[in-house]
Structures are given as structure tokens and as C-alpha cells.
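Chain by chain, the residues run as shown.
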Amino acid sequence: MIHYVRLHQRQQKYFADYGDLVTFPHTSILYYEGHVPLAGYLIVKGSILLLRRGKIVAEVGPGNLLGASEFNRRQPSPLRAIVTANGQLIILGYSAMKEIHSCPEGVRMLHEIFGEHNWYWNNNKKKDKKEMQNPPNTTNSNEDNHLC
Amino acid sequence: MENYENIVSLRSPHRENIPGSSSNSNSSNATSAPTLSNKGKLVRPENCANCPALDSSIFCDPTLQKMLNVGDHRVVNVYKKGQTLFVQGNPPYGLYCISSGKIKISNVGPDGKESIVRIAIAGDILGHRSLFTGQHYMGTATALEDSVVCFIDKKFMESLIQQEPKIAFNIIMKMGRDLGRAEKMVASFSQKNVPERLAELLLNLRLAYGVPDQGRWRLDIKLTREEMASMIGTASETLIRFLSEFKDQGLIEQIGKTIYLVNLKGLMDLGHLTDDHLWY
């Protein structure tokens, strides 16, 4: 499970067109350990702290996409995510993800970011099986993927 | 393709705790989906049709759900007691729908004093006012007990309302009831003294959370004395004093922290109330 991934400029711009830019004036818990994230979060400004059992395990800065993998699979995260005060995030909810996934370029982008076999759209498992049998010629170019 | 096994683990034993972070650290196995808790009574509905709050939610029409695939768009989480759904002053990006449990919405004043403005139960929605007005959250939502809450994103809600006006009508009805409740509370605050407000509060809590128990009514909600005091705009010491007086007068009983209402008529007379005056 990929918890956060650093995006290239081009990828950030692509996702920014689909999501809503939201500023959090106050520190807030985005999701708790054991919760499914409510959306994917692309950090524009500020940072998100990732905690496990009350201890900070990472501080994720701008350009990173967080929670998308767990959100897409509806799987609970083992980490707690806290957005710091005045953080700006692009929120990629279900509708946004569905739009991204409905166009070939979006799918290509997601495969590019997460790696083809680490990403599948929750509602299209059959379709993804077909795609996996005939994979497009993509490689994961994001070198900063982070697993736990 | 990148070999993910070689990527540095996020585990870092030398990191320190965040000061002021929530003390509710979940030691449960976070890689498994939330399961039953709260003495086995919590139900995490697999789809909207199984929701225990089906009849009282804004999506209460089953044909509506089938048509709109609300279940596909929601994210369901179990919020343990004390966990926060959203924080006062932050912007909304979706709607919360309570499947089971109780959530308190509290407002913190400039002096840091917290007041509970509303308690939401199964079937209620949260964050709708901020979502539709574009304002930030006016209060902080915190689970009073283990609660199952569904989250639906903003874009989908907007398209839902355009597609099906019944949803908008249900939301308007809920907002109308909330407004009525708020107006009654404001009137009580200005017109009544503390014991009268306390009597009114107890009767209103009975309507929403009362459980009959051997000829009396048990309030099935865990509120601290401080929280109850904030709901009627008084200090907790004053609240405790008047609860003792009510007990001496035979209006209520207290067993531990649980309050039982014994003499409903007496409370209604004390609070100058009829059924029309009650909030719920």
C-alpha cells in the first residue's frame, strides 16, 4: 500500500484541475489510524504529519499525494494524518477520482504514479483484469513512493 | 518497474510525540477494516439499504438510493469516542451522515470555553450548512460514543441535489427542524432561570435519548456535567447543585453518572413547559 507519493509538476497540475483547493486555517486530523481516508489529498502548501501510535513517522510537504491509494481501495490506513494550520490541499474525492479514471490519460497518469499493478479502480475490477493481461507500455517514474 | 521492497520504511523510532495531539491512539490492527465494537452493537452498513438509520436519513427512500448509487460514493468509518470529524473554522469538503452513535457539535468561544450547541444522532447529517453556504464549520464535531459515520463528497452531493429535488427537500426539512430547535433554545436562555433551563434540558434529552426503565426514564447518553452545564449556559458547580435539589424533590434519581427522570410532570411544571415547548 502506497501511503504518499511525490508528484512531478505535470502530474500536480493534472490533478489540480480535477480537485478543489481547500485551505485549513486550523490544525485538523484528516483521518485516524484504522480509518479509510475521505479523499486523496494533494499538498499545495504546508505539510501533513503522519503518525503511528502517537509518534510522528513522516512530515509530508508540498507536491505529495496522500491517502489516494487507501481511499481508492476503501482500505483503512495504518497511519493518522494531521494537516498543519494554514495548510492548502487539493481534495480529490470520489467524484474527482472517478472523472480522472474515466479518461485514458488519467488512468495512464495513475499507473505512472503508482505503478500499474499497485493501482486499480475499486469499481472496475473486471476491466482492470483485462488491462493487466494486456498492459500498456508504462513504467513508474515516481521514485519517491512510500510504503509502510 | 520500481522495486517497492527497497523503498525506505516510514518507521522512525526516534521521532517524538506531537505536543497536544489526541491521546486516542488506536492500538488496534489498523490494516484490518473497522469491525464491530461498542459491546458488539455497532453495525457498519455494507450499503445504504442496511443502514440502521435508513428511515430517518435524507436518503430514506430506497428507490432513491438504488437510482443514485449513494453507497458507491460514500466512505464509512467508525469514529471512536472522542475522535473528531471536523474542526471549527475549517472548510467543508463533503457531508457527514450518521449511521449510528452520537456526535456532539460544540463551539469554542474567544475565551476558550466550549459549549455544546447540538447533539446529532443516527439519521442526522453534519456539515450541510457550511457546505451549502460556503462558510467554514461553525463548530467542532466529536463522537460522544463509538459512531458509524458516512462521508459523501461535495461534488456528488451537488449533483445529487440537482438530479433529485427530494434530497434537497429532505435537507431543507432537517435544517428547518434545527432552526426551530435553535430558536427555542435562544428563547429559553433569555426567558428562564437555571433550574427552569435544566428541567427543560432533561426533558428534551428524554425525548431524544430516554429509555423506559422500571417506571422511570433513563437518559441513554453519556454527557459530563460540564457538557450539560454548557448546554444551559451555567457553571458545572451550579448544575450539580441543582441536580441535587431535583433529586431531593423527587424529580430525578442519579445512579453514578446516569440520570433517571422520575417525575415528568413535576419537571414540566418547573420548566413551565408543554409538549410544544420541547426542542425535539
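Residues numbered from 1 in each chain as written. Chains lettered and ligands numbered in written order. Predicted model: local features only at pLDDT ≥ 70, side-chain atom pairs only at ≥ 80, totals over all residues.

A closer look at the overall build of chain A
Each helix and strand counted, chain A has five helices and ten strands in total. Contacts spanning at least 24 positions in sequence make up 77% of the contacts within chain A whose residues lie at least 6 apart. (Helix = DSSP H or I, 4+ residues; strand = E, 2+ residues; numbered from the N terminus. Contact = placed C-beta atoms within 7 Å.)

Considerations on the overall build of chain B
Scanning chain B for helices and strands turns up nine helices and twelve strands. Looking at the 280 residues of chain B, the share that counts as buried comes to 36%. Once local pairs closer than 6 in sequence are excluded, the contacts in chain B between residues at least 24 apart make up 70%. (Buried ≥ 20, exposed ≤ 12 C-beta atoms within 10 Å, placed from the backbone.)

Thoughts on the packing of helix 6 (residues 194-209) of chain B against helix 8 (residues 236-248) of chain B
All names here are of chain B. Running from N to C, helix 6 and helix 8 point in directions that differ by 75 degrees, and their axes come no closer than 10 Å. Between helix 6 and helix 8, the angle is such that the two are roughly perpendicular. In this structure, helix 6 uses Val 194, Pro 195 and Leu 198 to contact helix 8, whose residues at the interface are Thr 238, Leu 239 and Phe 242. Among the residues making up the contact of helix 6 with helix 8, the classes are represented as five nonpolar, one polar and no charged. (Axes fitted to C-alpha atoms, helices over the stretch in contact; angles between N-to-C directions. Parallel < 35°, antiparallel > 145°, perpendicular 65-115°, else oblique. Nonpolar A, V, L, I, M, F, W, Y, C, P; charged D, E, K, R; others polar.)

Examining the domain arrangement of chain B
Residue and element names in this part refer to chain B. Per the domain assignment, the segments making up chain B are domain 1 (34-186) and domain 2 (192-277). Each partner contributes residues to the interface: domain 1 has eight residues there, and domain 2 has seven residues. In terms of residues, the side of domain 1 that touches domain 2 owes the most to one element, strand 5 (residues 114-120), which gives three residues. For the side of domain 1 that touches domain 2, the class distribution of residues is three nonpolar, one polar and four charged. (Domains from an automatic or database assignment.)

Points about the environment of Leu 267 of chain B
All names here are of chain B. Considering the arrangement of structural elements, one finds Leu 267 in helix 9 (residues 264-270). In the structure, Leu 267 is positioned 16 residues away from Leu 251 in sequence and 6.6 Å away in space, judged by C-alpha atoms. When residues no more than four places from it in sequence are discounted, the contact partners of Leu 267 are Ala 199, Leu 202, Leu 203, Leu 251 and Leu 261.

Quick look at the nonpolar core
If you look at the biggest cluster of nonpolar residues, it comprises 102 residues, and the most contacted ones within it are Ile 48 and Leu 92 of chain A together with Leu 202 of chain B. Ranked by the residues each element gives to this core, the list is headed by helix 6 of chain B, at six residues. Both domains that furnish three or more residues to this core are identified here as domain 1 (34-186) and domain 2 (192-277) of chain B. Setting aside chain neighbours within four positions, we find Ile 48 of chain A in contact with Leu 30, Tyr 41, Ile 43, Val 60, Leu 66, Ala 81, Ile 82, Val 83 and Gly 87 of chain A. (Core = buried A, V, L, I, M, F, W, Y, C linked by C-beta atoms within 7 Å.)

Details of the pairing of strand 12 (residues 258-261) of chain B
Residues and elements named next belong to chain B. Here strand 12 shows one buried face, formed by Ile 259 and Leu 261, and one open face, formed by Thr 258 and Tyr 260. As paired elements, strand 10 (residues 216-219) and strand 12 share two bridges and run antiparallel to each other. Among the inter-strand pairings, Trp 217 is bridged to a residue of strand 12, identified as Leu 261. Pairing of strand 11 (residues 252-255) with strand 12, which is carried by four bridges, proceeds in the antiparallel orientation. Directly across from Glu 253, in strand 12, lies its bridge partner Tyr 260. In textbook terms, the turn of a hairpin is the stretch between consecutive antiparallel strands, and for strand 11 and strand 12 this stretch comprises two residues, one of which, Gly 256, has a positive phi near 65 degrees. (Pairing = 2+ DSSP bridges.)

Here we look at the sheet that holds strand 6 (residues 55-60) of chain A
Residue and element names in this part refer to chain A. Spatially, the four strands line up as an open sheet ordered 3-8-5-6, and their pairing is antiparallel. Two strands lie at the open edges of the sheet, namely strand 3 (28-31) and strand 6, each paired on one side alone. The mean inter-strand angle of the sheet, taken between neighbouring strand axes irrespective of direction, is 30 degrees. Sheet topology note: the strand 3/strand 8 (residues 80-83) ladder contains three bridges and is antiparallel. Directly across from Tyr 31, in strand 8, lies its bridge partner Ala 81.

A look at the sheet that holds strand 6 (residues 125-126) of chain B
All names here are of chain B. An order of 1-8-3-6 is seen for the four strands of this open sheet, with the pairing classed as antiparallel. Strands with a single pairing partner mark the edges of an open sheet, and in this sheet they are strand 1 (74-79) and strand 6. Relative to strand 8 (residues 147-153), strand 3 (residues 94-100) is paired through six bridges, and the arrangement is antiparallel. Counterpart to Leu 95 in the pairing with strand 8 is Ile 152. Those strands touched by helix 4 (residues 154-163) are strand 3 and strand 8, and its axis lies near 75 degrees from that of strand 8.

Here's the deal with helix 4 (residues 104-114) of chain A
When helix 4 of chain A is considered as a whole, its buried residues turn out to be Val 107, Met 109, Leu 110, His 111, Ile 113 and Phe 114 of chain A. Two residues or fewer after helix 4 of chain A comes Gly 115 of chain A, characterised by a positive phi angle close to 90 degrees.

Overview of the confidence of the model for chain B
All names here are of chain B. Per-residue pLDDT for chain B averages 80, and the proportion of residues at 70 or more is 74%. For the stretch residues 1-39, pLDDT sits under 50, and the model shows 61 contacts to residues farther than four places along the chain or on other chains. Two summary scores accompany this predicted model of the complex, namely pTM at 0.79 and ipTM at 0.81. (pLDDT = per-residue confidence, 0-100.)

Overview of unusual backbone geometry
Residue and element names in this part refer to chain A. Within the chain, Arg 53 stands out as a residue other than glycine whose phi angle is a positive 55 degrees. Tracing the chain through its elements places Arg 53 in the loop between strand 5 (48-52) and strand 6. Although it is not a glycine, Asn 86 sits at a positive phi angle of roughly 65 degrees. If you trace the backbone, Asn 86 turns up in the loop between strand 8 and strand 9 (87-92).

Quick look at the environment of Leu 144 of chain B
Residue and element names in this part refer to chain B. Take Leu 144: it is sitting in the loop between strand 7 (140-143) and strand 8. Expressed as a C-alpha distance, the spacing of Leu 144 and Ile 105, which sit 39 residues apart in the sequence, is 9.8 Å. Those residues in contact with Leu 144 that sit more than four places away from it in its chain are Lys 81, Lys 102, Ile 103, Lys 104, Ile 221 and Lys 222.

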